[in-house]
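Given next are the chains, with one letter for each unit.
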Amino acid sequence: MVEVTLWGSLAAAAEGNSKIEIEAKNIRELFERLSERFPRLEPLMTRGIAVAIDGTIYRDTWSKELPTGAEIYLLPRLAGG
Amino acid sequence: MNFDPSHSKRSFSSVGTRPIRPDGVDKVTGRARYGADFNMPGQLVGRILRSPHAHAIIRKIDTSKAAQLPGVKAVLTAADLPDLTNGDAAMYDILDNCMARKKALYDGHAVAAVAAIDARTAKQALKLIEVEYELLPHVTDVDQAFAPDAPLINDTIFTTGVDPKPDRPSNVSMRSQFGHGDVDAGMARADFVVERTFKTEQTHQGYIEPHACVANVCSDGTADLWVCTQGHFVYRQHCAELLGMDASKLRVTSSEIGGGFGGKTHVWAEPVALALSRKAGRPVKLVMTRDEVFRASGPTSATSIDVKIGALKDGTIIAADATLRYSCGPYAGAWAEVGAMTAFACYKLENVRTVGYEVLVNRPKTAAYRAPSAPMAAFAVESAIDELAKKVGMDPVDFRIRNAAQEGTKASYGPVYGPIGIGPTLEAVKNHPHMKAPLGKNQGRGMACGFWFNFGGQTCTDLNIGIDGTVSLAVGTVDVGGSRASLSLVAAEELGIDYSQVRTVIADTSTLGYNDMTDGSRGTFSSSMATISAARNAIKILRERAAQMWDIPVEDVTWEKGHAVAKGETHGNLPKLSLKEIAAASGTTGGPIAGHSEIVADGAGVSFATHICDIEVDPETGATKVLRYTVVQDAGKAVHPTYVEGQYQGGAAQGIGWALNEEYIYGKDGRLQNAGFLDYRIPVCSDLPMIDTQILEIPNPNHPYGVRGVGETSIVPPLAAVANAVSNAVGVRMLHIPMSPPRILAALEA
Amino acid sequence: MMVGIAVSTNINGDNAEFLCHADETLLDVLRDRLGLMGAKEGCGTGDCGACSIILDDRLVCSCLVLGAEAEGRRIETVEGMAQGDQLHPLQQKFLEHAALQCGICTPGFLIAAKDLLAKNPDPTEEEIRFGLAGNLCRCTGYDKIVRAVQDAAGVMRGA
Ligand code: FES
Ligand code: FES
């Protein structure tokens, strides 16, 4: 079980929940569970979401494990110059 | 991926040195080939017709006269680019931006294109295309577009990020929010509060090389595209999708690139060039004019930002609040969101809230410019912080040091920081001789901090060892500022050979796996990681080959300083084998030796900088002169320090231009009035002083050498550093950027 | 159909002849007809200096000169700066100081700096800055360019 924090716009799509407890061992599972529970998150996930695990931002490593007790944030995926 | 990217303490022999870049001689002798320096036999010249109107329905386009002009080989409208985007809204916007479908959405929006035997004929043909427009009310200002009664740009846009969903469309495509704590309660406790509204104008990356490409589509469905881009793999993907081609049939070669800074991360004219070539059955060269670059590529957002910050008597910031409105051009964007994430990222804050609004306007589609969106937010926040320090009665550097984020701080955008460099950059600034340089009359000093995320992303490299033992490294991230030199250094370092033994080239899309773009400061960060991984894979093979040559178990072979070394008592007396010797024998030990690597380079370290600026203002004319400028930034590890300095200096110069001069000026008619370097004035040599740099190295724990990205952060602090300097020089808080002479005079008179 | 104008000129010490239209710029002639692509088009309006060349000892923007005007004159471009494999001191110093990032402005700067040093072999920093103010560079912030020119000037004075 990990606790995931969603940023503002994402929380709005997750029925106003900004913190969610979820059973997931890696980023892939996390995304699957989240879109099962909150279908409105799906389009936002397609646009791209980054996951911060204990302060380090992961954009594409979906196999990245979520250690228990880790601080997990979902953040928008950014553009760069 | 069995590659461990974590940072390990080590000493370096190549990394950190400053050799001459491998592409240097070609570039100083005029031989390097940029976008417009390539030609194909039988090539046609492509040109694009652009809307002179800011907002208009396209009633009808009559191309018949143009098509009949002798020498015209293809005429193209949106009808030739059917919508294949399959409900992908972002791709549809790209398609519509490449060639307007129903409406022209800004001055400069492409509406038709031709390919002809020469430029003269192509120009003439454009004049023969008749477009019937029905003009619509337009809006180009971000605050006006935000207002509820503004002309509506896209009636399918309903603000997302708000609950419940709005019942009518608006120009606000998204609301986003970040933060934690209780801002209102915190603000109520504050002893001092600063509340201000700031504005920044739209700027352009201003790369000196206009967009250019040569497209060649064959009747068998294969195609080639030569193009200046920051990401040829991404261009391939987008072009193939928009044109309904298999990506593998389209080979994209990235030319030398004459600057990008984010502006060459999007396709603009390339799909049009390919479509023209397909229609004409001949290669088509399409080069934008400077006027087109300004009117129809991707400038920054214009912004309007409210900031409110409260502090206690002891100098602790107790609450911070910001509302940010960013223009995103006529399509939905996510620019204010980034501004909202970065605005307060430098500080340790208990109570913080940022709200971003994406605002549609009738201007070109916004694109990234270095650390996109962060400079404007930093301008607003760092200006308010300076004012607040004054109110509290603290020195601006000390006030920032007191409130600076550190390892363990919960960032204003959410997560908790690992080891970061904001504190050290501030300490370095505090002790920098620049801070003690004397100031004269009408002169002021300002400083400011900045933050950027940096990315990693998908990356792939091939490291091939020739039979003479020299190394070719093929990478897929476009070299925008010397990364071939840096990556050669990394390969040399890891293999234990000399820099001169490595040649790095940028591979085309058919010879290497997919790579993300060179953006987000990722070029050297991610490709160096992939290069280290590829080199380690090659070393594994080198050890195996040495073991074969010695006929001993591979476990007994180590790799040290470019040599295989046998260890263990039984074969300790074997003379070591050099990479050259192993390579020479490779034909009989199992064939070619190479190391490949395909990785997702995640874990880019966040980056911080602090800048100092001294400026003199002429109170009579409002003219400014930058006297001294210093950049202090954390690089993690500087692979090639000279090019790191170059990134710092270049970003600072761009930021100074943004702060003092550069802006898009639109007339009441919605037309851009200064689409050229004469009236959109970027800094020239005589506008600037030497730009002093100090590189800090706080290793990124997620990179083997500790590298962080360095390319973007340097543009974040200058707007605020310059504004603080001007404000200190004239004694009036500057709220509107650029601080052109008329604006400074107006502020003095107000 | 437009009639071509026959022009004979000297480029980097070699005689050259070409046909061009009356309204064709020298920059287009160099790039499209003569294959000399060192001069770049950054603006086409005389504002960026990327197309700088030396025409009879005068620094000009080749985008503002007509091809026909080259008749009987001497043109120097970046391609003529090195002697064989021996780089010009300015070229060498630009490399050593990393005075180029993307390098698109470099040919123009080299030519402008060559012209500057021919007229003023020992310029101050300010003279260099004003002397090169007609050339835009968006990558470097000019710091390393100025240093490279200072250094090259020293070498050339010593030579
Ligand atoms: S192209 Fe001639 S000055 Fe810019
Ligand atoms: S090096 Fe890129 S414009 Fe000067």
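Residues numbered from 1 in each chain as written. Chains lettered and ligands numbered in written order. Predicted model: local features only at pLDDT ≥ 70, side-chain atom pairs only at ≥ 80, totals over all residues. Heavy atoms only, no water.

Where do I start with the overall build of chain B in this structure?
Per the secondary structure count, chain B includes 20 helices and 27 strands. Against the 2.2 N^0.38 benchmark of 27 Å for 750 residues, chain B shows a C-alpha radius of gyration of 27 Å, consistent with a compact globule. With respect to the three principal axes, the spread of C-alpha positions in chain B is 85 × 75 × 55 Å. The buried share of chain B, taken over its 750 residues, is 64%. Taking the contacts inside chain B whose residues are at least 6 apart along the sequence as the reference set, 79% of them involve residues at least 24 apart. Total accessible area on chain B is roughly 25000 Å²; 51% of this is exposed by carbon and sulfur atoms. With 72 positive and 81 negative side-chain charges, chain B shows a spacing of 3 Å between the two charge centroids. (Helix = DSSP H or I, 4+ residues; strand = E, 2+ residues; numbered from the N terminus. Rg over C-alpha atoms; globule rule 2.2 N^0.38 Å. Buried < 20%, exposed > 50% of the residue type's maximum accessible area, 1.4 Å probe, protein only. Contact = heavy atoms within 4.5 Å. Areas by Shrake-Rupley, 256 points an atom, 1.4 Å probe, with all protein chains shown as cover. Lys, Arg positive; Asp, Glu negative; His and termini not counted. Charge placed at Lys NZ, Arg CZ, Asp CG, Glu CD.)

Would you mind going over the overall build of chain C with me for this structure?
Looking only at helices and strands, chain C features five helices and five strands. When the helices and strands of chain C are listed from N to C terminus, the series reads β-β-α-β-β-β-α-α-α-α. The C-alpha atoms of chain C give 16 Å as radius of gyration, which agrees with the globular expectation for 159 residues (15 Å, within 12%). With respect to the three principal axes, the spread of C-alpha positions in chain C is 50 × 30 × 25 Å. Looking at chain C as a whole, 56% of its 159 residues qualify as buried. Long-range contacts, defined as pairs at least 24 residues apart, comprise 55% of the intrachain contacts of chain C with a sequence gap of at least 6. Surface accessibility of chain C: about 6400 Å² in total, with carbon and sulfur atoms responsible for 49%. Looking at charge distribution, chain C has the averaged site of its 14 positive side-chain charges lying 5 Å from that of its 23 negative ones.

Any chance you could explain the layout of surface pockets here in plain terms?
A water-sized probe, rolled over the atoms, reveals where empty space remains. Approximately 1500 Å³ is the volume found for the second largest pocket. Lining the second largest pocket we find 43 residues, and of these B:Val45, B:Ala119, C:Asp28, C:Asp32 and C:Glu41 sit closest to its centre. Contributing elements (two or more residues each) for the lining of the second largest pocket: β1 (44-50), α4 (119-128), β12 (284-287) and α9 (290-296) of chain B together with α1 (26-33) of chain C. If you tally residues by element for the lining of the second largest pocket, the top one is α1(C), at four residues. Residue classes in the lining of the second largest pocket are distributed as 15 nonpolar, nine polar and 19 charged. (1 Å grid on protein atoms, 1.4 Å probe; cavity = no way out; pocket = protein on both sides within 12 Å on 5 of 7 lines; lining within 4 Å. Points joined across faces, edges and corners; volume = space filled by probe spheres on them. Nonpolar A, V, L, I, M, F, W, Y, C, P; charged D, E, K, R; others polar.)

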